[in-house]
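A structural walkthrough
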Amino acid sequence: MDIHALQQIVHKTRDARRKQTIPKFSPADRDQLIHKYHPDFRASAYRPIRFGPNEGEKTVVELATLLEGDSPIHDDLDLTPHHQTDVLIIGGGGAGCAAALHAHGAGAKTILATKLRLGDSNSVMAQGGMQVSVAPEDSPVTHFLDTLKGGHMENDHALLKVMVEEGPSIAKWLLELGVLFDRQADGNLHVKKGGGSSKPRLVTCSDYTGLEIMRVLKDEVLNQKIQLLEFAAAIELLSDDSGACTGAIFKDLDNQRHVVVAAKSVILATGGIGRLHIQGFPTSNHYGATGDGLCLSYRMGAKLAHIDTFQYHPSGAVYPEQLIGALVTEGIRSEGGQLVNAKGDRFVNELDTRDVVSSSIIRECEEGRGIRTMSGRVGVWLDTPILDAEHGAGTVEKHFPAMVLQFERFGIDISKDPVLIYPTLHYQNGGVKIDTNSETNVKNLFVAGEASGGLHGRNRLMGNSLLDLMVYGKRSGLTAAGRAGSMKQGKLTLKHLERFRAEAKQHGNVSGVISPMILPAYTRKVG
Amino acid sequence: MTTDDTQNVIDQPEVMKPRMVTIEIAGKKVDVPEGITVVKAMWYAGIDVVRGIGCLGGFCGACATYYRTKDDPKVRTCLACQTAVQDGMCFTMMPPFPARKAIYEIQKLQDPKQDLFNFYPEAPLCRNCNACTEACPQRIDVREGVWKAVFGDFKSVSEMFMDCVMCGMCTPVCIADIAPNLVALYVSRAQGAHFAEKPIGLDTRIKEIQEGRYNDEWHNVLKMNDKELAEHCATVK
Ligand SMILES: Cc1cc2nc3c(=O)[nH]c(=O)nc-3n(C[C@H](O)[C@H](O)[C@H](O)COP(=O)(O)OP(=O)(O)OC[C@H]3O[C@@H](n4cnc5c(N)ncnc54)[C@H](O)[C@@H]3O)c2cc1C
Ligand code: SF4
Ligand code: SF4
Ligand code: FES
């Protein structure tokens, strides 16, 4: 059927729905719903990891396969370093830039290497804001408790306490660098309320928070003349006899050559995993979000935490095909956008937590109340025109200009037509286990940002990621720099790889893939 | 949804009968399905794209692209991850442009408005040609921004360039060799670091934390067992 014909049900039922209130689920119903429909609970998508530090623990098949994968490096590679540094940072998103600036600021020789250009990352796309407890009625302790509740009580308390306590001074650091956070009339930071938080706590830069922070951090990295290696993908780490990390090997994506960097310590800030398209989900993530940091640290013997849980953002675009997976901001639901199934009914309180809303959308689709596209996708309606109906003509255009533009490019006017949405793979809740200095159980190997795990428990609250990046980017940078002065460069060997390969062999080398993935294979094989 | 249900299915003409169009990628003709994005068209044509891709979401500015549509002499600019191909379109990606970025210590500036002329002496030479504005895929009035920067209206500039993705497409077209986006970035940072009001509430909170104002509360919370903590969390409203 024509999309406009199918949309009629949304227009027809709008007036009746406007008067309706949908209660939130009771804790018991909520649990039941999530267990039945959230992708994290689809047992068939999971399998135990066969060997390594997390042997026997379950994760999604896509990740398990990469973790058990083989390194692209031959053990006879010449390890004579091309570069020598105190601190090597891998990844040029928010966590990487923050780490680089702090390490450099503390006087360490610093190299920042990244897969694509400096800044090409998830960080630049963050729209919603960064959580900082600055409001008078708020406190770091309240921030701690809200986050714990959101994370299903499984967050690492020590990591979380550090993050919420250092939040305000991080905001000050960013302001001093020239980040333009939104203000109230009296000059204080303007704070918004995010899903799952009891107090308004999101500091924002219009709906370009990540872009603004990254513009400034990138510029500052350039001003400080920090040495950059761009289009350099880390493909293996280096270790000395004691197993401590001593550097990394990169593939220069321009000429395919290997580049060896000797470093006293290494900070991995390689971000998330969305481009693995776990369970076939589309993703909101950037092109390089292929979980490389997890594979690299796992081979070194670093333990991973909570790698069986992922965040599926409820509203990813399903139609048109060009926008598959792109985020339809939560702001639409906050302002009263309703979720409507093929029968014209609402089925969830739109402001419930992300895992609940996502689960209920999946339930509607699985029980036959979704709308299917010929390309085999399914979704439910997000009634966007209701915002104009509710708050006056022009509301959508005025409050969501970026989204209007995005759909308009494909001939869709979201102020007149509802959009089709389905959960999109958005965030890796877990990652490499770290301590409060951002260090892993492998000496001199630090992990910061989305690649690290433990802090967010089993579900991240909106806005906590940007703060996580800045706080642990800073801590990793400072600790690594502090250590550099008093230590010697360790030997460059591939001993950890020998050990890993021996283990893999014992388990029959089952994976059959080379990891890390580096970039997803979207290019069509022609001919 | 059940597979035999045909009622709630959107017929997508482009999927049912994909219409192929002929486009030209950096001078080479290829057939691709109509309506896919410029980036996806390259993948479809079997081209590996490493330079020229980043966020795929319209935020990072990596995919700056020049294009022309059928029979129209005008060369336009777009973000390749956000633009659909059409029949007869030809495009090529823009390599990084060798613009000069000034180096500065933002916090140490004494007179940021005057310093602009030291860092970017070409900025006041704007000849009002408007080419930068026409080149901007984010619809920013770039020319106006350059003028405002030169006249010291840093606040307006910082607001105008909030949606600048730093694609750099305004730079190669400038007849006065200005890099408007870099000028705007300097101005925005100076605005934030030097001219924006200091948020008192933030300083108060930092001081409270340093002085141990929350220590008792922390102590209380951190000694709770899991059950007590869960109950305590539930009381936070
Ligand atoms: C669309 C979107 C919106 C979001 N909105 C918000 C929000 O409003 N608030 C919030 O708090 N969070 C938000 N998030 C989450 C948050 O943005 C991310 O979790 C966070 O930015 C991750 O930062 P990072 O520095 O750890 O990783 P990234 O910013 O993703 O950076 C990782 C970097 O590592 C590089 N890299 C990867 N592999 C390698 C390798 N092998 N070698 C070298 N370099 C490598 C990448 O190229 C990239 O530069 C959002 C995420 C998305 C996708
Ligand atoms: S102002 Fe220049 S760099 Fe910024 S988005 Fe427009 S064209 Fe791109
Ligand atoms: S292109 Fe250069 S000269 Fe022309 S208006 Fe823009 S800044 Fe001025
Ligand atoms: S890839 Fe980032 S704007 Fe297109």
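What you see is a predicted model; the values in this text were computed from it and never measured. Counting from 1, residues in each chain are numbered in the order their sequence is written. Chain labels run from A onward and ligand labels from 1 onward, assigned in the order the entries are written. For this predicted model, a pLDDT threshold of at least 70 governs which residues receive local features, and a threshold of 80 or more governs which side-chain atom pairs are given and counted, while totals over whole chains, interfaces and linings are taken from all residues. Only hydrogens and water are set aside; all other atoms, that is, all heavy atoms of the structure, feed into the side-chain values.

Here's the deal with the site of ligand 3
Condition: When we say a residue is near a molecule or strand, we mean one of its heavy atoms is within 4 Å of it. Basically, the charged four are Asp, Glu, Lys and Arg, the nonpolar ten are Ala, Val, Leu, Ile, Met, Phe, Trp, Tyr, Cys and Pro, and anything else, Gly included, counts as polar.
The local shell around ligand 3 consists of Cys126(B), Arg127(B), Asn128(B), Cys129(B), Asn130(B), Cys132(B), Arg143(B), Val146(B), Cys174(B), Ile175(B) and Ile178(B). The class makeup of the residues in the shell around ligand 3 is seven nonpolar, two polar and two charged.

Looking at the site of ligand 1
All names here are of chain A. Quick note on the threshold: In protein, a polar contact means a hydrogen-donor-capable atom and an acceptor-capable atom, both N or O and within 3.5 Å, with residues adjacent in sequence counting only if both atoms are side-chain atoms; elsewhere, any N or O pair within 3.5 Å suffices. Accessible areas in this description were obtained via Shrake-Rupley with a 1.4 Å probe; residue shielding takes into account the shown protein chains only. Strands here mean DSSP runs of E at least two residues long; helices mean DSSP runs of H or I at least four residues long; both are numbered from the N terminus.
Taken together, 39 residues form the shell around ligand 1, and within it Ser123, Gly128, Glu450, Ser465 and Leu466 come nearest. At 2.9 Å from an oxygen atom of ligand 1 is found a main-chain nitrogen or oxygen belonging to Ala95. Taking Gln127, its main chain carries an N or O atom lying 3.4 Å from an oxygen atom of ligand 1. Here ligand 1 loses 98% of its free accessible area of 1000 Å² to cover by the protein chains. Counting only elements with at least two residues in the shell around ligand 1, the list comes to α4 (94-105), β9 (232-239), β17 (419-428) and α14 (464-484). A total of four residues in the shell around ligand 1 trace back to one element, the largest contributor, which is α14.

Considering the environment of Ser239(A)
All names here are of chain A. To keep it simple, the criterion reads: Contacts: residue pairs with any heavy atoms within 4.5 Å of one another.
Along the chain, Ser239 turns up in strand β9. Between the alpha carbons of Ser239 and Leu189 there is a distance of 45 Å; along the sequence they are 50 residues apart. Not counting chain neighbours up to four residues away, the residues in contact with Ser239 comprise Ala244, Cys245, Thr246, Met300, Lys491, Leu492, Thr493, Lys495 and His496.

Details of the packing of aromatic side chains
To keep it simple, the criterion reads: Paired rings are identified among Phe, Tyr and Trp, the last through its six-membered ring, by centres lying within 6.5 Å, and are further divided according to the angle between planes into stacked (under 30 degrees), edge-to-face (over 60) and tilted (the rest). Three labels apply to residues, based on accessible area from a 1.4 Å probe with only protein chains included: buried if under 20% of the type maximum, exposed if over 50%, partly exposed otherwise in between. Whether a charge sits over a ring comes down to the Lys NZ or Arg CZ being within 6 Å of the ring centre and within 35 degrees of the ring normal.
The final tally for this structure, using the stated rule, is 13 aromatic pairs over all chains. Ring centres of Phe154(B) and Phe195(B) lie 6.0 Å apart, and the angle between their planes is 85°; on these two criteria the pair is classed as edge-to-face. Note that Phe154(B) is positioned in helix α6 (residues 154-160) and Phe195(B) in helix α7 (residues 180-195), a separation of 41 residues in sequence. Under the relative-accessibility criterion, Phe154(B) is labelled buried at 1%. Taking the relative accessible area as the measure of exposure, Phe195(B) reaches 36% and is therefore partly exposed. Here a set of aromatic residues connected by ring pairs shows up, and it is made of Phe281(A), Tyr312(A) and Tyr422(A). The lysine or arginine in question, Arg524(A), covers the ring of Tyr44(B), its NZ or CZ lying 3.8 Å from the ring centre. Geometry around Phe195(B) places Lys113(B) over its ring, the cationic atom sitting 4.6 Å from the centre.

Side note on the interface of chain A and chain B
So the rule is basically this: The quantity reported as buried area is the accessible area (1.4 Å probe) lost by two parts once they are put together, taken as the sum for both. We define a salt bridge as a side-chain nitrogen of Lys or Arg found within 4 Å of a carboxyl oxygen belonging to Asp or Glu.
Every contact between the two is made by 92 residues of chain A and, on the other side, 83 residues of chain B. In this assembly, chain A packs against chain B so that about 7500 Å² is buried in total across both faces, 60% of it on carbon and sulfur atoms. Looking only at chain A, the three residues that lose the most surface to chain B are Arg215(A), Arg372(A) and Met374(A), adding up to 9% of its buried area. Taken together, chain A and chain B are joined by six salt bridges. Asp219(A) is paired through a salt bridge with Lys101(B); the nearest N and O atoms lie 2.7 Å apart. Seen at the junction of chain A and chain B, the total is 28 residue pairs in polar contact (both at pLDDT 80 or more).

Some details on the sheet that holds strand β2 (residues 20-25) of chain B
All names here are of chain B. This is how the line gets drawn: By this definition, two strands are paired if DSSP reports at least two bridges between them. Throughout, an axis means a line fitted to C-alpha atoms (over the contacting stretch in the case of helices), and angles, computed between N-to-C directions, take values from 0 to 180 degrees.
Read from one edge of the open sheet, five strands run β3-β2-β6-β4-β5, paired in mixed fashion. Pairing within the sheet leaves two strands with one partner each, and these edge strands are β3 (28-33) and β5 (76-79). Strand-to-strand twist across the sheet, computed as the mean angle between neighbouring axes with direction ignored, equals 35°. The pairing of β2 with β3 spans six bridges and is classified as antiparallel. For Glu24, the partnering residue across the bridge sits in β3 and is Lys29.

Side note on the side chain of Glu350(A)
Here Glu350(A) is to be found in the loop between β14 (338-340) and α10 (354-366). Aside from chain neighbours lying at most four places away, what touches Glu350(A) is Arg333(A), Gly337(A), Gln338(A), Leu339(A) and Val357(A).

Points about the layout of surface pockets
Unoccupied space between atoms shows up once a probe the size of one water molecule is rolled over them. We count it as follows: Using only the protein atoms, space was sampled on a 1 Å grid; points where a 1.4 Å probe fits but cannot get out form cavities, open sets with protein on both sides within 12 Å along at least five of seven lines form pockets, and lining residues are those with an atom within 4 Å of a point. Grid points are joined across faces, edges and corners, and a volume is the space filled by probe spheres set on the points.
The calculated volume of the second largest pocket comes to roughly 880 Å³. The wall of the second largest pocket is formed by 32 residues, among which Arg117(A), Pro96(B), Phe97(B), Met166(B) and Cys167(B) lie closest to the centre. If you list the elements that add at least two residues to the lining of the second largest pocket, you get α7 (209-223) of chain A together with α7 of chain B. The element best represented in the lining of the second largest pocket is α7(A), accounting for four residues. In terms of residue class, the lining of the second largest pocket is made up of 19 nonpolar, five polar and eight charged.

Quick word on the sheet that holds strand β20 (residues 452-453) of chain A
Residue and element names in this part refer to chain A. The strand order across the open sheet formed by three strands is β12-β18-β20, and the pairing between neighbours is mixed. On the outer flanks of this sheet lie β12 (304-305) and β20, each paired with one strand and no other. Bridge analysis of strand β18 (residues 431-433) against β20 gives two bridges, and the strand direction is parallel. Its bridge partner lying in β20, Lys433 is registered against Gly453. The sheet strands contacting helix α8 (residues 292-300) are β12 and β18, and the helix crosses β18 at an angle near 35°.

Section: the pairing of strand β4 (residues 64-68) of chain B
Residue and element names in this part refer to chain B. Pairing of β4 with β5, which is carried by four bridges, proceeds in the antiparallel orientation. Bridge assignment links Tyr66 to a residue of β5, and that residue is Thr77. Examined bridge by bridge, β4 and strand β6 (residues 90-93) share four bridges and lie antiparallel to one another. Counted as the bridge partner of Thr65 is Met93 from β6.

What about the packing of helix α5 (residues 140-150) of chain A against helix α10 (residues 226-235) of chain B?
The test is simple: Any angle that falls under 35 degrees is termed roughly parallel, while one over 145 is termed roughly antiparallel, one within 65 to 115 roughly perpendicular, and all others oblique.
Put simply, α5(A) and α10(B) touch, their axes get as near as 9 Å, and they point 110° apart. Between α5(A) and α10(B), the crossing angle belongs to the class labelled roughly perpendicular. For the pair α5(A) and α10(B), the contacting residues are Leu145(A), Leu148(A) and Lys149(A) in the first and Leu229(B), His232(B), Cys233(B) and Ala234(B) in the second. Split into classes, the residues belonging to the contact of α5(A) with α10(B) amount to five nonpolar, one polar and one charged.

With respect to unusual backbone geometry
Note that the residue after Tyr319(A), namely Pro320(A), is joined by a cis bond; omega there is -5°. With respect to the helices and strands, the residue Pro320(A) is situated in the loop between β13 (310-317) and α9 (331-334). Its identity is not glycine, yet Lys225(A) carries a phi of approximately 55°, on the positive side. Look at Lys225(A) and you get exposed, because its relative accessible area is 63%. The phi dihedral of Arg139(B) is positive, around 60°, even though this residue is not glycine. Take Arg139(B): it is sitting in the loop between α4 (131-135) and α5 (142-150).

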